[in-house]
Amino acid sequence: MAAVARSFGSEQEAEPVKEARVVGSELVDTYTVYIIQVTDGSHEWTVKHRYSDFYDLHEKLVAEKKIDKNLLPPKKIIGKNSRSLVEKREKDLEVYLQTLLATFPGVAPSVLAHFLHFHLYEINGITAALAEELFEKGEQLLGAGEVFAIGPLQLYAVTEQLQQGKPTCASGDAKTDLGHILDFTCRLKYLKVSGTEGPFGTSNIQEQLLPFDLSIFKSLHQVEISHCGARCIRGLVALKPTLATMSVRFSATSMKEVLVPEASEFDEWEPEGTALEGPVTAVIPTWQALTTLDLSHNSISEIDESVKLIPKIEFLDLSHNGVLVVDNLQHLYNLVHLDLSYNKLSSLEGVHTKLGNIKTLNLAGNLLESLSGLHKLYSLVSLDLRDNRIEQLEEVRSIGSLPCLEHVALLSNPLSILPDYRTKVLAQFGERASEVCLDNTVTTEKELDTVEVLKAIQKAKEVKSKLSNPEKKVIEDSRLSTAPCIRPSGSPPSVAPATASLPQPILSNQGILGDE
């Protein structure tokens, strides 16, 4: 069963009793490995050790902590793998471990903590290991300016330690002082928090359910978060003054969870600096430094009003979500790169009113049949429309007149299987065909020649259609038949020869096209 994390709270909780039980054994090559199940509150995990590991542990504890030499079951040379001996030893080793945990009820000695994998799964052990790592390498990591990777379980442990209000160096070893972590996090600029899918390691701990607080980071410029429950993350708002790039993936069900988590406490809210109208119960500061936001691979179904809080955003990635409608982006005046690929968009009507300055637009993997709505994106340079439902070549005309468009991708649409697909699409761009790169392939001279032929044929068709218009012919005939005949004064009316006729407009398409 999945472990339930202890929740945040101001009240100190009694530290859970730790237990270690030997639950079985297995034969590996010529020796027996004992399976130990460690329990710490609702968290439990499995550790495997052979008898020689127990012996080494015991020797160190005798030397460092002066424990009883006879506490560990003795070695056996003959019949050491016999079933009866193994079963007895399982019981004796469990008693040994339980005695050690009772002897050190607070912070376990480092050798015992490592033996039971406290440095991987237990709060005190995790923070001690992290503090020691940063004591030794912290300055080097900060100086290199690299991304520092940490897990949700580690952040959870640090958060819990801070809330317990214990001394920062409970073990007495200066290297494991919590202060090393706090000093490092205050100065760190690039952070990556990556959880795991399913239980962590050999434990029942579900990292995506663990709450943790990011407010200990005071100088972050970039943060990447994945496989963490967005609702479990605290302190994101504390990053607003400095954070320029944020990525939250496989973690959120809405944009509000990330951008305005505090909004759940209020009925009405507006971003700071907004001209307030009507009842507002909260004014929320904007992400004043944020220019790049990646919310891909989440379960977001709408672009909600929380985008008002990221007015300086330039790059926005909402790919691989469930977005149905392009909405609310008119608030992002600086947005130039937008990725909405692999969502559930079926219409682009009116999208130009929300994406006035967009340069790069990725709409691949949606449900689009029509490109109506893109015809006024005059700043657009790159457009990805792969893997949609576009069938009609006429739809390309909606983007054919865009003056800055240079890169277009239309593969994996029904129209891409048409004969001469590339030249027919390029012909829709008229005089700019040579400037357009279709499907990441540079247009060849041969294709351009074919495009010129297609353009000539199209022009001829347009002329033919215009001259063959029945309404125009009727109007012209009517005008000629009703024209007055003017004769000199006093002259008798002339009689036209029987073979003569009024001049008629030339209606022979063949003749006109031949002249061309």
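Here, every reference points to the structure presented above.
Now for a look at the structure at hand. (Residues numbered from 1 in each chain as written. Predicted model: local features only at pLDDT ≥ 70, side-chain atom pairs only at ≥ 80, totals over all residues. Heavy atoms only, no water.)

Thoughts on the pattern of salt bridges
Counted according to the given criterion, the structure contains 13 salt bridges. The partner of Glu-447 in a salt bridge is Arg-422, with the nearest N and O atoms 2.6 Å apart. Here the residue Glu-447 occupies a position in helix 11 (residues 445-467), and Arg-422 occupies one in helix 10 (residues 421-427), the gap between them amounting to 25 residues. Judged by its relative accessible area of 15%, Glu-447 falls in the buried class. Close ionic contact of Glu-435 with Arg-432 constitutes a salt bridge, the shortest N to O distance being 3.1 Å. By relative accessible area, Arg-432 is classed as buried at 15%. (Salt bridge = Lys/Arg side-chain N within 4 Å of Asp/Glu carboxyl O. Helix = DSSP H or I, 4+ residues; strand = E, 2+ residues; numbered from the N terminus. Buried < 20%, exposed > 50% of the residue type's maximum accessible area, 1.4 Å probe, protein only.)

Considering the nonpolar core
Among the nonpolar cores identified, the biggest contains 86 residues, and Leu-191, Leu-214, Met-246, Leu-363, Leu-374 and Ile-399 are the most heavily contacted of them. Element by element, the count of residues in this core is highest for helix 10, at four residues. If sequence neighbours within four positions are ignored, Ile-399 has contacts with Leu-371, Leu-374, Leu-383, Leu-385, Leu-405, Val-408 and Phe-429. Membership of the second largest hydrophobic core comes to 36 residues, among which are Val-22, Val-38, Tyr-96 and Phe-104. (Core = buried A, V, L, I, M, F, W, Y, C linked by side-chain atoms within 4.5 Å. Contact = heavy atoms within 4.5 Å.)

Describing the side chain of Ser-251
Position of Ser-251 among the secondary structure elements: in the loop between strand 9 (245-249) and helix 8 (255-259). At 3.3 Å, the side chain of Ser-251 forms a polar contact with the backbone nitrogen of His-227. When sequence neighbours within four positions are dropped, the list of residues in contact with Ser-251 reads Ile-225, Ser-226, His-227, Cys-228, Gly-229, Ala-230, Glu-257 and Asn-298. (Polar contact = N/O pair within 3.5 Å; in protein donor to acceptor, adjacent residues only side chain to side chain.)

Some details on the sheet that holds strand 18 (residues 437-438)
The strand order across the open sheet built from eleven strands is 4-5-7-9-12-13-14-15-16-17-18, with neighbouring strands paired in parallel fashion. Two strands lie at the open edges of the sheet, namely strand 4 (148-150) and strand 18, each paired on one side alone. Pairing of strand 14 (residues 337-339) with strand 15 (residues 360-362), which is carried by three bridges, proceeds in the parallel orientation. When the sheet's bridge partners are listed, Asp-339 is paired in strand 15 with Asn-362. (Pairing = 2+ DSSP bridges.)

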